[in-house]
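Notes for the structure review
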Amino acid sequence: MQGTENPNRPATFGEANRDIIRVLLKPSMGWAALFAISTAAMIYGGWCWYLQLVYGLGVGGYNPPVMWGIYIVTFVFWVGIGHAGTLISAILFLVRSKWRTGVYRASEAMTVFAVMTALLFPVLHLGRAWQVYWFFPYPNQRYLWMNFKSPLMWDVFAISTYFTVSAVFFFVGLVPDIAVVRDHSTGLVKKIYGVLALGWHGTMRQWHHYMAAYGFFAALAAPLVLSVHSVVSWDFAMAITAGWHSTIFPPYFVAGAIFSGCAMVITLMLPLSYAYNWEKYLNLWHFEQLAKMCLLTSGILTYAYGTEYFVGWYSQNPYEWGIFYWRATGEYAWAFWLMVFCNCVAPLPWYIRSMRTNPAVLFIISIFVNIGMWFERFNIVVSSLAHQFDPAVWTSYWPSEIEWGVMIGSFGWFGFWFLLFLQVLPAVAIAEIKELIQPPTKAALGAVEAK
Amino acid sequence: MSTATTAPAGIRIKGIYAHLDCLLAGIEQLKSEGIRGFEVLSPLPRHEIIDAVYEGRPSPVRWWTMIGGMTGINVGFLLTSLTAIQWPMINPGGKPVVALPPYAVIMFECTILFGALFTALGAIVHTGLPGWWLDSALKDPRCNDDKFGIVFLRANVQDEARITEVLRASGAVEVTTGDDTIYEVPNA
């Protein structure tokens, strides 16, 4: 694969159409194997959840006062993963960044499916999942309403809004491309895509209002990138627990979210570009830009980790310093140093251009980042709760097999939807790729003929 | 585009273009001849075409976004405040019953949510989607591929010759009228 801005773009709009939709509804052996693994993981996770529903939350490894375990850790992880998609599709659209075009559709799909996965965890964490409607305001005879002053309530609104806006933005972007698939299909498949395309035929009336709406969607989605993970961080920062009660949490969480999301885009799309032979649309130039985003956000995270320690030491608050000292030297020190290695050290080779443009290095480092970011949330959630103010309640927590099963199931659930998406919808935005192609003009044709 | 040449019952005319500059020349020529009431088909959003057809008029979708956002911020404020006022004796954290800083988060989220949903509604209204019932002359898969098109759905019969002449002169590779404007996919 090339690592340049301007690879061999398709010569015509029609070529782009055919190139991108040729992979649809043709599952390969590799796809089928991954789909089977994802489905099996999802079923296993579902079985573990069933056991938890039958026997109660006691099947988890909760050990009071550690009552937030890997369900919350994994919830924050998946919400974070979603952020790169919105960053790429909305913010980079507003600043007219060229490199977003190849990667934004799959990143947006990743966002929607990651938030769908994250939304499972508050339900799983509830224990009594059937009472999930208590999260939402609904009129009732007792006039009981939720406490809107609680950060947990802010989170419900933030994540629901994020999911709704991301899903609408994703579908709106897909409509013209689904119309292309419809026009290249026959029979029942054509009818199904015809319904999904909403009767799109590329009239100027449609394009005019569509483009205006798309711009507004991007403008509305852009602040969500910053707000959603800030609100998630307030789930922690608004509590007085040492290790959580910090004003740097919102920017620290947002940077971490973009870091993990961009790494996940590399993890998912690098193999995809090879499997589908999509060098024209997705090449090492795109992945190099993603690696640069990771480098920037890794630097911000490293600074934030340092700031936490500096504030803990400089404040001379014994509880604050106690938790940070224990985090690096206590029972979970291995998780802390694994996080530091994966998030602060492992991305450093990307400062060298040849490392940013080497597919194997890109893929391996992106996996390290994914692992590191999961452990970052583990460190924040578990170590702070396990080592609170009173030494009499210091304890430890380790997830049970059921919790691990549910977490594995969440990866299966995400993989299931993402793999399904690759087979049924264009994973590269066709309409936007066409905007990068030189439009056919008679003047250009005349110049070629004159030569 | 509304026009003098559009009649309730008229003739369909369609010009298919292979080149963007020819299409733009065709649009300009039609406008300069005072012929309006046509729709343009394109496989991608080109600002030159939108500018030529809409002459800088912005889409009214922006009003939907603004009204949605304003509705959202008010819904957020009313939801949080009115529900708190129903239980004024409960005062968590010593905060006022109606405390704006924590409610600002809900108000912000509602602004974005309602803004986005109203924008989607506005887009549906103004684009005319779902467009399953569009005139068959507008359903041309070639214009989702490599071609562009100018389509009159109800042109005055007296203008037929003039319109077809303008379309041909501007470089249309195919000009059809009446039922011939409905494109049948070969081997479909």
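What counts, and where the lines are drawn
Residues numbered from 1 in each chain as written. Chains lettered and ligands numbered in written order. Predicted model: local features only at pLDDT ≥ 70, side-chain atom pairs only at ≥ 80, totals over all residues. Heavy atoms only, no water. Helix = DSSP H or I, 4+ residues; strand = E, 2+ residues; numbered from the N terminus. Rg over C-alpha atoms; globule rule 2.2 N^0.38 Å. Buried < 20%, exposed > 50% of the residue type's maximum accessible area, 1.4 Å probe, protein only. Contact = heavy atoms within 4.5 Å. Areas by Shrake-Rupley, 256 points an atom, 1.4 Å probe, with all protein chains shown as cover. Lys, Arg positive; Asp, Glu negative; His and termini not counted. Charge placed at Lys NZ, Arg CZ, Asp CG, Glu CD. Phe/Tyr/Trp six-rings, centres within 6.5 Å; stacked < 30°, edge-to-face > 60°. Lys NZ or Arg CZ within 6 Å of the ring centre and 35° of its normal. Domains from an automatic or database assignment. Salt bridge = Lys/Arg side-chain N within 4 Å of Asp/Glu carboxyl O.

Considerations on the overall build of chain B
Counting its regular elements, chain B contains 5 helices and 4 strands. When the elements of chain B are put in sequence order from the N terminus, they spell out β-α-β-α-α-α-β-α-β. Relative to the globule expectation of 16 Å for 188 residues, the C-alpha radius of gyration of chain B, 25 Å, shows a markedly less compact shape. With the principal axes as the frame, chain B shows a C-alpha extent of 80 × 40 × 30 Å. Relative to its full complement of 188 residues, chain B shows a buried share of 48%. By sequence separation, contacts in chain B at least 24 residues apart represent 82% of the contacts at least 6 residues apart. Accessible area for chain B stands at about 8600 Å²; split by element, carbon and sulfur atoms hold 63% of it. Side chains of chain B give 14 positive and 19 negative charges; the mean places of these two sets differ by 6 Å.

A short note on the packing of aromatic side chains
Residue and element names in this part refer to chain A. Tallied over the full model, the rule gives 60 aromatic pairs over all chains. Ring geometry for phenylalanine 148 versus phenylalanine 157: centroids 5.8 Å apart, planes at 75°, classification edge-to-face. The buried category is assigned to phenylalanine 157, whose relative accessible area is 12%. Considering the side-chain rings of tryptophan 334 and phenylalanine 375, the 5.5 Å spacing of their centres and the 70° angle between planes classify their relative orientation as edge-to-face. In this pair, tryptophan 334 is assigned in helix 11 (residues 333-345) and phenylalanine 375 in helix 13 (residues 359-386), connecting sequence segments 41 residues apart. Just above the ring of phenylalanine 93 sits the side chain of arginine 96; from NZ or CZ to the centre is 4.9 Å. Directly above the aromatic system of tyrosine 104 lies the positively charged group of arginine 100, at a separation of 4.1 Å from the ring centroid.

As for the domain arrangement of chain B
Assigned domains within chain B: domain 1 (6-56 + 131-181) and domain 2 (61-127). Spacing between the C-alpha centres of domain 1 of chain B and domain 2 of chain B amounts to 44 Å.

Topic: the pattern of salt bridges
All names here are of chain B. Applying the stated criterion to the full structure yields 22 salt bridges over all chains. For the salt bridge of arginine 12 with aspartate 135, the shortest nitrogen-to-oxygen distance reads 2.8 Å. Taken together, the positions of arginine 12 in strand 1 (residues 6-17) and aspartate 135 in the loop between helix 4 (100-127) and strand 3 (148-155) put the pair 123 residues apart, joining distant regions of the chain. Owing to a relative accessible area of 25%, aspartate 135 belongs among the partly exposed residues under this scheme. Note that arginine 142 is salt-bridged to glutamate 174, the shortest N-O span being 2.9 Å. Taken as a pair, arginine 142 in the loop between helix 4 and strand 3 and glutamate 174 in strand 4 (residues 174-177) lie far apart in primary sequence, 32 residues in all. Residue arginine 142 is classed as buried on the basis of its relative accessible area of 15%. Bridged by salt links that share partners, the residues Glu28, Lys31, Arg36, Glu55 and Arg57 form one connected network.

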